[in-house]
Amino acid sequence: MYSELGLYIDGAWKKNGGGKGEDVINPATEKPLAHLPHASTADLDEALEAAKKGFAVWRATSAYDRAKIMSKAANLMRERHDVISKIMVQEQGKVYVEARGEVLVSADIIDWYAEEGRRSYGRIVPGRAKGVRQLVIQEPVGVVAAFTPWNFPVLTPARKVGGALAAGCSLILKASEETPGACVEMVKCFADAGLPAGVLNLVFGVPAEVSEHLLAKDAVRKISFTGSIPVGKHLAQLAAKGMKRTTMELGGHSPVVVFGDADPEKAADTIAAFKYRNAGQVCISPTRFYVQEDVYKRFLARFTEYANGIKLGDGLEKGITMGPLANSRRLDAMDSFVADAKSCGGKIATGGKRSGNQGYFYEPTVITDVPDDSKIMTEEPFGPLAPIVTFKTFDEVVARANSLPFGLAAYAFTTSTTTAAAIGDAIESGMVGVNSIAISTPETPFGGVKESGHGSEGGTEGLGAYLATKFISQG
Ligand code: NAD
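Predicted model, so just to flag it, every value in this text is computed and none were measured. (Residues numbered from 1 in each chain as written. Predicted model: local features only at pLDDT ≥ 70, side-chain atom pairs only at ≥ 80, totals over all residues. Heavy atoms only, no water.)

A few words now on empty space enclosed by the protein. Here the structure, examined in full by the defined rule, presents 5 cavities of 30 Å³ or more. Pro 255, Arg 288, Phe 406, Gly 407 and Glu 428 are, among the 13 residues lining the largest cavity, the residues nearest its centre. Here the residues of the lining of the largest cavity are counted per class, giving 7 nonpolar, 3 polar and 3 charged. Approximately 40 Å³ is the volume attributed to the second largest cavity. In terms of lining, the second largest cavity is formed by Tyr 8, Val 187, Phe 190, Ala 191, Leu 195, Pro 196, Ala 197, Gly 198, Val 199 and Leu 200. For the lining of the second largest cavity, the leading source of residues is helix H6 (residues 181-192), giving 3 residues. Among the residues making up the lining of the second largest cavity, the classes are represented as 9 nonpolar, 1 polar and no charged. (1 Å grid on protein atoms, 1.4 Å probe; cavity = no way out; pocket = protein on both sides within 12 Å on 5 of 7 lines; lining within 4 Å. Points joined across faces, edges and corners; volume = space filled by probe spheres on them. Nonpolar A, V, L, I, M, F, W, Y, C, P; charged D, E, K, R; others polar. Helix = DSSP H or I, 4+ residues; strand = E, 2+ residues; numbered from the N terminus.)

Encoded structure:
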């Protein structure tokens, strides 16, 4: 049971695009699930015309009526969550319980934006001269081109679709070709909820060709991208040619700082479960662990015990707690990180190799004694690898945590309120979880600093990303 794939353009499903297409692979079995059509440039132009028409209709629809359709779509996602989750497990590899959580949170995101869109008020600023009314109003920016990755096939599209639709924008969404099915099902929920034709269009293709074609078009006024830093920089350059607004949710390399006054077992239980979620293929996954010397041994022992208890397998099977990596590129990347770590003195506390000979399975891995300039400590692993090292002082660990060009997420554990406040302030990161991993909710801003990108998704900031401010002075 998998999704019937297609392109969704101007309110109609196209089973065949003008492009060559590709097979979607189940990473647990390496077997094809379905053939995905690709859009040709003619298909993309059709989607663009549809989005222009859709924008005219949708911006003229009241926020009240927009919210009703969006809420209906969110409810359909909840009703259909079991089917959508199973499709996601097959194409992406994550375990069922995580897929289910993703679909339900995505429905909450759509709902939250639907409600917040109704509170996009603007303001009146008193004029200097008598009889002058100064109005600040918020208008939808226009047609949006959104690009989403394979690690969260519904959540990343939901953030972009939710914000854009609530603001009154139309979209052309290019979701990941490697995980298209769950997103197709989400788009069906919007279609069945009565979203007017052309407001949301879904395409697939060769990523670089699709983005190059769409970003060159004047009608596209906003780009929202989630993915790797090199691709983000490339798209930002293309966007700059047309002075188009951008939101860039890129990679990171999240430090975790465990202070000596924290409970090391409690910290390990919390952060290890978070580390191996989606086999570590999460942009805010904890990826560099700095533990103060006095609690290092206890933290490492408990963390390693957790990693050893993980049950690897097909995410649809009962009792499985970690699935395969999403594609074979990640397996090669893991091998390269581990080989480099070993070559510079790193020790493998557990894992460190592929598992089985079918499917892209990699063992949950803990690495110790790696230097700060090793590959694993300087490049985002995007996989189930946890390098754990020691530190001595607050200033030292802050300098090490801030030493990379990334700044997406960071975590710290301490029982001191003074240290909690100090580390929250000191870390260069868009999001910081202090004694908490809850840094991604529909109502709070999600985004990075430095090379991790700019702009936020979620919260009022996420809605603002799709609004242009207009000032009207009326005499
Ligand atoms: P990649 O850089 O080739 O692709 C990343 C994503 O961008 C994919 O979804 C891809 O379809 C899309 N993409 C690639 N080129 C594009 C283009 N020219 N225009 C539009 N979209 C384009 O790498 P990958 O092998 O898929 O993933 C590797 C790295 O990407 C990971 O190590 C990780 O750092 C990063 N990544 C980050 C996220 C995130 O949530 N921020 C998600 C997936 C991947």
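This next bit is on the domain arrangement of the protein. As far as domains go, the protein holds domain 1 (7-250 + 450-474) and domain 2 (254-434). Taken together, the contact between domain 1 and domain 2 spans 25 residues of the former and 31 residues of the latter. Buried area between domain 1 and domain 2, summed over both chains or domains, comes out near 2,300 Å², and the portion from carbon and sulfur atoms is 55%. Among the residues domain 1 hides against domain 2, the three largest losses belong to Ala 28, Trp 150 and Lys 450. Together they make up 25% of the total. Put simply, domain 1 and domain 2 have 2 salt bridges between them. The interface formed by domain 1 and domain 2 includes 15 residue pairs in polar contact (both at pLDDT 80 or more). For the side of domain 1 that touches domain 2, the elements supplying multiple residues, two or more each, are helix H3 (81-92) and helix H4 (96-117). (Domains from an automatic or database assignment. Contact = heavy atoms within 4.5 Å. Buried area = accessible area lost by both parts, 1.4 Å probe. Salt bridge = Lys/Arg side-chain N within 4 Å of Asp/Glu carboxyl O. Polar contact = N/O pair within 3.5 Å; in protein donor to acceptor, adjacent residues only side chain to side chain.)

Right, let's talk about the pattern of salt bridges for a bit. Considering all chains together, one arrives at 30 salt bridges under this definition. A salt bridge links Asp 45 to Lys 217, with the nearest nitrogen and oxygen atoms 3.8 Å apart. Taken together, the residues span a long stretch of sequence, with Asp 45 in helix H1 (residues 41-59) and Lys 217 in the loop between helix H7 (207-215) and strand S10 (220-226) at a distance of 172 residues. Overall, Lys 217 belongs to the partly exposed group, its relative accessible area being 25%. Across the salt bridge formed by Lys 188 and Glu 185, the nearest N and O atoms sit 3.1 Å from each other. Taken together, the residues span about one helical turn, with Lys 188 and Glu 185 both in helix H6 at a distance of 3 residues. Sharing partners across several salt bridges, the network here consists of Lys 14, Asp 43 and Glu 46. (Buried < 20%, exposed > 50% of the residue type's maximum accessible area, 1.4 Å probe, protein only.)

Below, the discussion takes up the layout of surface pockets. Looking at the largest pocket, its volume works out to about 840 Å³. Around the largest pocket sit 38 residues that line it, and Trp 150, Phe 225, Gly 227, Ser 228 and Val 231 are the ones nearest its centre. Going through the elements one at a time, H7, S10, helix H8 (229-241) and helix H11 (328-343) are the ones with two or more residues in the lining of the largest pocket. The calculated volume of the second largest pocket comes to roughly 460 Å³. What lines the second largest pocket is a set of 27 residues, among which Val 105, Phe 152, Leu 155, Arg 277 and Ser 440 lie closest to the centre. Among the secondary structure elements, those contributing two or more residues to the lining of the second largest pocket are H4 and helix H5 (155-167). Element by element, the count of residues in the lining of the second largest pocket is highest for H4, at 5 residues. Here the residues of the lining of the second largest pocket are counted per class, giving 13 nonpolar, 7 polar and 7 charged.

By the secondary structure assignment, Thr 365 is in strand S15 (residues 365-368). Here the side chain of Thr 365 touches Gly 352 through a polar contact of 2.8 Å, landing on its backbone nitrogen. Once residues lying within four places of it in the same chain are set aside, the contact partners of Thr 365 are Tyr 276, Thr 350, Gly 351, Gly 352, Pro 384, Leu 385 and Ala 386.

Before going further, it helps to spend a moment on unusual backbone geometry. Most peptide bonds take the trans configuration, and most residues that are not glycine carry a negative phi. Phi is positive for Ala 279, which is not a glycine, with a value near 50°. Structurally, Ala 279 can be placed in the loop between helix H9 (264-275) and strand S13 (286-292). The exposure class of Ala 279 is buried, given its relative accessible area of 2%.

So, on to the packing of aromatic side chains. Inspection of every chain in the model, using the stated rule, returns 10 aromatic pairs. Grouped by ring-pair contacts, the aromatic residues Tyr 276, Phe 289, Phe 299 and Phe 303 constitute a single cluster. (Phe/Tyr/Trp six-rings, centres within 6.5 Å; stacked < 30°, edge-to-face > 60°.)

Residues in close proximity to the ligand total 22 residues, the closest being Trp 150, Ser 211, Ser 228, Arg 329 and Glu 380. Within the side chain of Trp 150, an N or O atom sits 2.7 Å from an oxygen atom of the ligand. Glu 380 is positioned such that a nitrogen or oxygen atom in its side chain is 2.4 Å from an oxygen atom of the ligand. About the coverage of the ligand: the protein hides 83% of its 800 Å² of free accessible area. The cavity where the ligand resides is the largest pocket. Considering only residue class, the shell around the ligand consists of 11 nonpolar, 7 polar and 4 charged. The residues that make up the shell around the ligand include at least three from each of domain 1 (7-250 + 450-474) and domain 2 (254-434). (Near = heavy atom within 4 Å. Areas by Shrake-Rupley, 256 points an atom, 1.4 Å probe, with all protein chains shown as cover. Sits in = over half its atoms within 2 Å of the grid points.)

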